[in-house]
Amino acid sequence: MARIRDIQCIRTRENGCWTIVKVVTDQDGLYGLGSASDLYNPEAVVQVIEQLLKPLLIGKDAANIEDLWNVMSLSAYWRSGGILQTAVGGIDMALWDIKGKEAGLPVYQLLGGAARAAVPCYGHAGGRDLAELKEDVHRFIEEGYTVIRVQMGGYGGGGFIDASRARLPENAWSRNQVFDEQAYVSAIPRMFEGLRLEFGPDAQFTHDVHEHLSPVQAIQLARNLDPYRLFFLEDALPPEQLGWYRHLRASCSTPQAVGEQFTNVQEWLPLISERLIDFIRVRLSKAGGISACRKIAAVAEAFGVRTAWQEGGENDPVNQAAAVHLDMALWNFGIQEVNHFRPEEREAFPGLIERKGGYLYPNNKPGLGLELDEVQAAGLLRKGWDSSKYHHPYALDRKADGTLVRP
């Protein structure tokens, strides 16, 4: 069997936010690709891979994925944090890619074979007002999507008040706009009322709260959205307040999708086992890769919870491929978030997942089915790019008095 000879971290995209893991074996031409991308802490993930995990794995049998996953996860003693899980997840994906190439089979065949013909995905529609949003929804419907996420601008859109109209303190910390929970909780049901009048009762919509609300306001919003029959409401509560999902479930029937920020089993396990959510939507790389997420999906199936793996606009083609292969093999798959890549990014990843209408299709090549053109990948980086100068903190919103809104 192939043994691990080297592990490389390849930074790409214009700002270098994508980190592609390449696990090279001692077999001529045999390697695997994984995603260890982190928009906010990319260099920290690279350091974990290069300083901690790579020395552990050199010389190990690449076939022993389960054992290697546990070795990596326990090797830092403190475990399950976002940085470590991303590093583990990237290497795990690459090991599955290697196993598929050795077997001459797509990864989803190794996971039990196809449970469906293709993978349904949902589009992201947005607009500064309801008219613009309706126009964007029409566009997605014409493209063939059956499920569409709808947002009034960015996250929290509908709840922002221009600073010139807000009652700010004299020493205000916000100068442009501030977030108001009550305005948001009032605006979003009105948004859905307008969408239902335009598109009827059968259009399937999701909406992402992005944890902007306090628990009571989140429950109020979910209850007010019951008449509009959402496909799901995403991340109504922040991870610090997961206990409130018991109250939310008792208060309304709006389906709940949760997990974008989860990295620890104790975050998702109670929500699934108590049937407090309807969709689990961790990101594969953040939760520990294919090995971890197939176990999450197995637990979820037993409790009637479906998957909706998280992607996000900053995610890379390798994570998308890993998610789609898992989607293909899971009976309790629900929906897949979609990514869109620029032509030059597609050229750097030959064989990446194809979207046709509202469906995603793997290409049935061995492994994850995509390659990395390292010359093209290097060319994506903007001129003068320097990893040591990378700085991209998450943009935080504030209320009128300056209080931070937790994402």
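These figures come from a predicted structure and were not determined experimentally.

What counts, and at which threshold
Residues numbered from 1 in each chain as written. Predicted model: local features only at pLDDT ≥ 70, side-chain atom pairs only at ≥ 80, totals over all residues. Heavy atoms only, no water. Helix = DSSP H or I, 4+ residues; strand = E, 2+ residues; numbered from the N terminus. Rg over C-alpha atoms; globule rule 2.2 N^0.38 Å. Buried < 20%, exposed > 50% of the residue type's maximum accessible area, 1.4 Å probe, protein only. Contact = heavy atoms within 4.5 Å. Lys, Arg positive; Asp, Glu negative; His and termini not counted. Charge placed at Lys NZ, Arg CZ, Asp CG, Glu CD. Core = buried A, V, L, I, M, F, W, Y, C linked by side-chain atoms within 4.5 Å. Phe/Tyr/Trp six-rings, centres within 6.5 Å; stacked < 30°, edge-to-face > 60°. Salt bridge = Lys/Arg side-chain N within 4 Å of Asp/Glu carboxyl O. Pairing = 2+ DSSP bridges. Axes fitted to C-alpha atoms, helices over the stretch in contact; angles between N-to-C directions. Right-handed = clockwise from strand over helix to strand, strands pointing away. Polar contact = N/O pair within 3.5 Å; in protein donor to acceptor, adjacent residues only side chain to side chain. Parallel < 35°, antiparallel > 145°, perpendicular 65-115°, else oblique.

So, the overall build of the chain
(1) Moving on: Summing up its helical and strand segments, the chain has 14 helices and 17 strands in all.
(2) Moving on: Taken over the C-alpha trace, the chain has a radius of gyration of 21 Å; the compact-globule value for 407 residues is 22 Å, and the two agree within 12%.
(3) Moving on: For the chain, the residues scored as buried account for 54% of the 407 residues in total.
(4) Moving on: Long-range contacts, defined here as pairs at least 24 residues apart, represent 70% of the contacts in the chain between residues at least 6 apart.
(5) Moving on: Positive and negative charge centroids in the chain, built from 42 and 52 side chains respectively, lie 2 Å apart.

Quick notes on the nonpolar core
(1) Moving on: Ranked by internal contacts, the top residues of the largest apolar core, which has 118 residues, are Ile 91, Val 150, Phe 192, Tyr 245 and Ile 280.
(2) Moving on: For this core, the element with the highest residue contribution is helix α3 (residues 82–103), accounting for nine residues.
(3) Moving on: When neighbours within four sequence positions are excluded, Val 150 is seen to be in contact with Ala 125, Leu 133, Val 137, Met 191, Phe 192, Leu 195, Phe 205, Thr 206 and His 207.
(4) Moving on: Within the second largest apolar cluster, eight residues are counted, among which are Tyr 122, Ala 257, Phe 279 and Ile 335.

With respect to the packing of aromatic side chains
(1) Moving on: Overall, the coordinates contain 13 aromatic pairs when judged by the stated rule.
(2) Moving on: Ring geometry for Trp 18 and Phe 349: centres 5.9 Å apart, planes at 75 degrees, overall edge-to-face. Highlighted residues: Trp 18 in strand β2 (residues 18–25) and Phe 349 in the loop between α13 (343–348) and β14 (354–356), separated in sequence by 331 residues. Across the pair, exposure class does not vary: Trp 18 and Phe 349 are buried alike.
(3) Moving on: Residues Phe 199 and Phe 205 carry aromatic rings whose centres are separated by 6.1 Å and whose planes lie at 75 degrees to one another, so their mutual orientation is edge-to-face.
(4) Moving on: For Phe 199, a relative accessible area of 16% corresponds to the buried category.

Quick word on the pattern of salt bridges
(1) Moving on: With the rule as written, the count across this model stands at 25 salt bridges.
(2) Moving on: Where Glu 181 meets Lys 399, a salt bridge forms, and the shortest distance between an N and an O atom there is 2.8 Å. Of this pair, Glu 181 sits in helix α6 (residues 181–199) while Lys 399 sits in the loop between β16 (397–398) and β17 (404–405), and the two are 218 residues apart along the sequence.
(3) Moving on: Salt bridges linked by common partners bring Arg 13, Arg 342, Glu 344 and Glu 345 together as one network.

A short note on the sheet that holds strand β3 (residues 31–35)
(1) Moving on: Strand order in the open sheet made by the three strands is β1-β2-β3, with antiparallel pairing throughout. Pairing within the sheet leaves two strands with one partner each, and these edge strands are β1 (4–12) and β3. Averaged over all adjacent pairs, the angle separating strand axes in this sheet is 20 degrees, with direction ignored.
(2) Moving on: On top of the sheet, α3 reaches β1, β2 and β3; it is set at about 145 degrees to β3, its chief contact.

Description of the pairing of strand β5 (residues 147–151)
(1) Moving on: Counted residue by residue, β5 has five buried out of five residues, so it is predominantly covered.
(2) Moving on: The two faces of β5 match: Val 147, Arg 149 and Gln 151 on one face and Ile 148 and Val 150 on the other face are all buried.
(3) Moving on: With five bridges joining them, strand β4 (residues 119–126) and β5 adopt parallel strand pairing. Bridging across to β5, His 124 finds its partner in Arg 149.
(4) Moving on: For the handedness criterion, the β-α-β arrangement of β4, helix α5 (residues 130–143) and β5 is classed as right-handed.

Remarks on the side chain of Asn 339
(1) Moving on: Within the secondary structure layout, Asn 339 lies in the loop between β13 (336–337) and α13.
(2) Moving on: Since its relative accessible area comes to 7%, Asn 339 is described here as buried.
(3) Moving on: Here the side chain of Asn 339 touches Gly 312 through a polar contact of 2.6 Å, landing on its backbone oxygen.

Some points on the packing of α6 against helix α7 (residues 215–224)
(1) Moving on: The N-to-C vectors of α6 and α7 enclose an angle of 10 degrees; their axes lie 9 Å apart at closest approach. Relative to α7, the element α6 is oriented roughly parallel. Here Glu 181, Gln 182, Tyr 184, Val 185, Ile 188 and Pro 189 of α6 lie close against α7, whose contacting residues are Gln 217, Gln 220, Leu 221 and Asn 224.

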